[in-house]
Amino acid sequence: DAKTTQPPSMDCAEGRAANLPCNHSTISGNEYVYWYRQIHSQGPQYIIHGLKNNETNEMASLIITEDRKSSTLILPHATLRDTAVYYCIVRVIFRDDKIIFGKGTRLHILP
Amino acid sequence: EAQVTQNPRYLITVTGKKLTVTCSQNMNHEYMSWYRQDPGLGLRQIYYSMNVEVTDKGDVPEGYKVSRKEKRNFPLILESPSPNQTSLYFCASSYTSGRGEFFGPGTRLTVL
């Protein structure tokens, strides 16, 4: 079973910030939070990851709560091209471990 | 250009006819994996490999085989395909240091 819970769908107005939540209440101390997105049936695209500190890159920001039980992916200025399914997963690194994706959040950007 | 390539991209076959889907990456990644994606079920990992000659089962390994004889290649083998293996398949690779997986373009397989 997936170790994360996400809302099945969300809407966001174009130009506004899209805030996508993820619950990972059973996360272990050595598990990182990763976000990916998938546009139509293309291969998923890596967005960002973090352990406990907030992270930012050219695509998005990742806010992880202090207890690490949830996180939020922020797309600061959503465009129509951000319409996709967004997946939040947790995984360890430097270690043999399988990866489990959940069903993700389908984000609709409204013009 | 850094990429993961899969071949073929589309395949229609019949039950029981052995097939191989190839996957190759040019980024010197240690970790490689195969996923299948089905409507309503999301992405499910089939097999993964931490490095050459090291493979392990993911969530749905039944009916599949893999091998990792070279670092860059990770073929997916269906010895006796069945209709329930009709799916969209993705290969992915990453460093074990965790910079995020890089996915291939997908292979759409139909088993009649």
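Bear in mind that the values here come from a model prediction, so they are computed numbers and not experimental data. Every chain's residues receive numbers from 1 upward, in the order its sequence appears when written. The naming scheme follows written order: chains are lettered A onward, ligands numbered 1 onward. Note on the predicted model: pLDDT of at least 70 is required for a residue's local features to be given, and 80 or more for side-chain atom pairs to be given and counted; whole-chain, interface and lining totals, by contrast, use all residues. Processing note: side-chain calculations cover all non-hydrogen atoms of the structure and skip hydrogens and water entirely.

1. Quick word on the nonpolar core
Now for step 1: Definition of nonpolar core: a set of buried residues of the types Ala, Val, Leu, Ile, Met, Phe, Trp, Tyr and Cys, connected through side-chain atoms within 4.5 Å. Per-residue accessibility, obtained with a 1.4 Å probe over protein chains only, is compared with the maximum for each type, and a residue is labelled buried under 20%, exposed over 50%, and partly exposed between these values. The biggest cluster of nonpolar side chains holds 21 residues, and the ones touching the most others in it are A:Leu20, A:Trp35, A:Leu73, A:Leu75, A:Tyr86 and A:Leu107.
Now for step 2: In this description a helix means any DSSP run of H or I spanning at least four residues, a strand means any run of E spanning at least two, and both kinds are numbered starting from the N terminus. Mapped by element, the contributors of at least two residues to this core are β2 (18-23), β3 (31-38), β4 (45-50), β6 (61-64), β7 (70-75), β8 (84-92) and β9 (105-110) of chain A.
Now for step 3: For this core, the leading source of residues is β8(A), giving four residues.
Now for step 4: Contact between two residues is taken to exist if any of their heavy atoms lie within 4.5 Å; hydrogens are not considered. If near-sequence neighbours (up to four positions away) are discounted, A:Tyr86 is found in contact with A:Gln6, A:Leu20, A:Trp35, A:Tyr36, A:Arg37, A:Ile47, A:Leu73, A:Leu75, A:Gly104, A:Thr105 and A:Leu107.
Now for step 5: Judged by nonpolar contacts, the second largest core, of 19 residues, contains B:Val21, B:Cys23, B:Val60 and B:Val66.

2. Digging into the interface of chain B and chain A
Now for step 1: The partner chain A presents 21 residues to the 25 residues of chain B that form the contact.
Now for step 2: For this document, the term salt bridge refers to a Lys or Arg side-chain nitrogen within 4 Å of an Asp or Glu carboxyl oxygen. Inspection of the region where chain B meets chain A yields one salt bridge.
Now for step 3: Among the salt bridges present, the one from A:Lys98 reaches B:Asp59, with a minimum N-O distance of 3.3 Å.
Now for step 4: In the analysis that follows, any N or O atom pair within 3.5 Å is treated as a polar contact, provided that within protein one partner can donate a hydrogen and the other can accept it, and provided that, for residues neighboring in sequence, both atoms belong to side chains. Counting across the interface, chain B meets chain A through six residue pairs in polar contact (both at pLDDT 80 or more).

3. As for the pairing of β8(A)
Residue and element names in this part refer to chain A.
Now for step 1: Across the nine residues that make up β8, a large majority, nine, are buried.
Now for step 2: Any two strands with at least two DSSP-identified bridges between them are counted as paired. Pairing between β3 and β8: eight bridges, direction antiparallel. Within β8, the position partnered with Gln38 by the bridge is Val85.
Now for step 3: Pairing between β8 and β9: three bridges, direction antiparallel. Across the sheet, residue Tyr86 finds its bridge partner in β9, namely Thr105.

4. Considerations on the sheet that holds β2(A)
Now for step 1: In spatial order, the strands read β2-β7-β6-β5 (chain A); together these four strands make up an open sheet with antiparallel pairing. Two strands lie at the open edges of the sheet, namely β2 and β5 (55-56) of chain A, each paired on one side alone.

5. Examining the sheet that holds β3(A)
Residue and element names in this part refer to chain A.
Now for step 1: The sheet built from five strands is open, its strands ordered β1-β9-β8-β3-β4 with mixed pairing. Edge positions in the open sheet fall to β1 (9-13) and β4, since each of these has one partner strand only. Averaged over all adjacent pairs, the angle separating strand axes in this sheet is 25 degrees, with direction ignored. Convention adopted: a line fitted to C-alpha atoms gives each axis, helices being fitted over their contacting stretch, and angles between N-to-C directions are expressed from 0 to 180 degrees.

6. Some thoughts on the environment of A:Cys12
Now for step 1: Checked against the element boundaries, A:Cys12 lands in strand β1.
Now for step 2: With residues up to four places along the chain from it excluded, the contact list for A:Cys12 reads A:Ala17, A:Ala18, A:Ala78, A:Leu107, A:His108, A:Ile109 and A:Leu110.

7. Structural notes on the layout of surface pockets
Now for step 1: Estimated volume of the largest pocket: approximately 510 Å³.
Now for step 2: Computed over the protein atoms alone on a 1 Å grid, cavities are sets of points where a 1.4 Å probe fits but cannot get out and pockets are open sets with protein on both sides within 12 Å along at least five of seven lines; a residue lines them when it has an atom within 4 Å of a point. Taken together, 27 residues make up the lining of the largest pocket; nearest its centre are A:Gln38, A:His40, A:Arg106, B:Gln37 and B:Pro39.
Now for step 3: Contributing elements (two or more residues each) for the lining of the largest pocket: β8 and β9 of chain A together with β4 (31-38), β9 (87-94) and β11 (107-111) of chain B.
Now for step 4: Grid points are joined across faces, edges and corners, and a volume is the space filled by probe spheres set on the points. In this structure, the second largest pocket occupies an estimated 270 Å³ of space.
Now for step 5: In this structure, the second largest pocket is lined by 18 residues; those nearest its centre are A:Gln45, A:Tyr46, B:Glu101, B:Phe102 and B:Phe103.
Now for step 6: Those elements that provide at least two residues to the lining of the second largest pocket are β3 and β4 of chain A together with β10 (102-103) of chain B.
Now for step 7: Gly is put with the polar residues, along with every residue not named as nonpolar or charged; the nonpolar set is Ala, Val, Leu, Ile, Met, Phe, Trp, Tyr, Cys and Pro, and the charged set is Asp, Glu, Lys and Arg. Looking at the lining of the second largest pocket, its residues break down into seven nonpolar, eight polar and three charged.

8. Describing the state of the cysteines
Residues and elements named next belong to chain A.
Now for step 1: Note on disulfides: each one is a pair of cysteine sulfur atoms within 2.5 Å. Within this structure, the stated rule accounts for two disulfides over all chains.
Now for step 2: Here Cys22 pairs with Cys88 through a disulfide, and the sulfurs are 2.1 Å apart. Across the disulfide from Cys22 to Cys88, rotation about the S-S bond amounts to roughly -80 degrees, and the bridge is consequently left-handed. Within this pair, whereas Cys22 is found in strand β2, its partner Cys88 is found in strand β8, the two being separated by 66 residues in sequence. In terms of burial, Cys22 and Cys88 fall into one category: buried.

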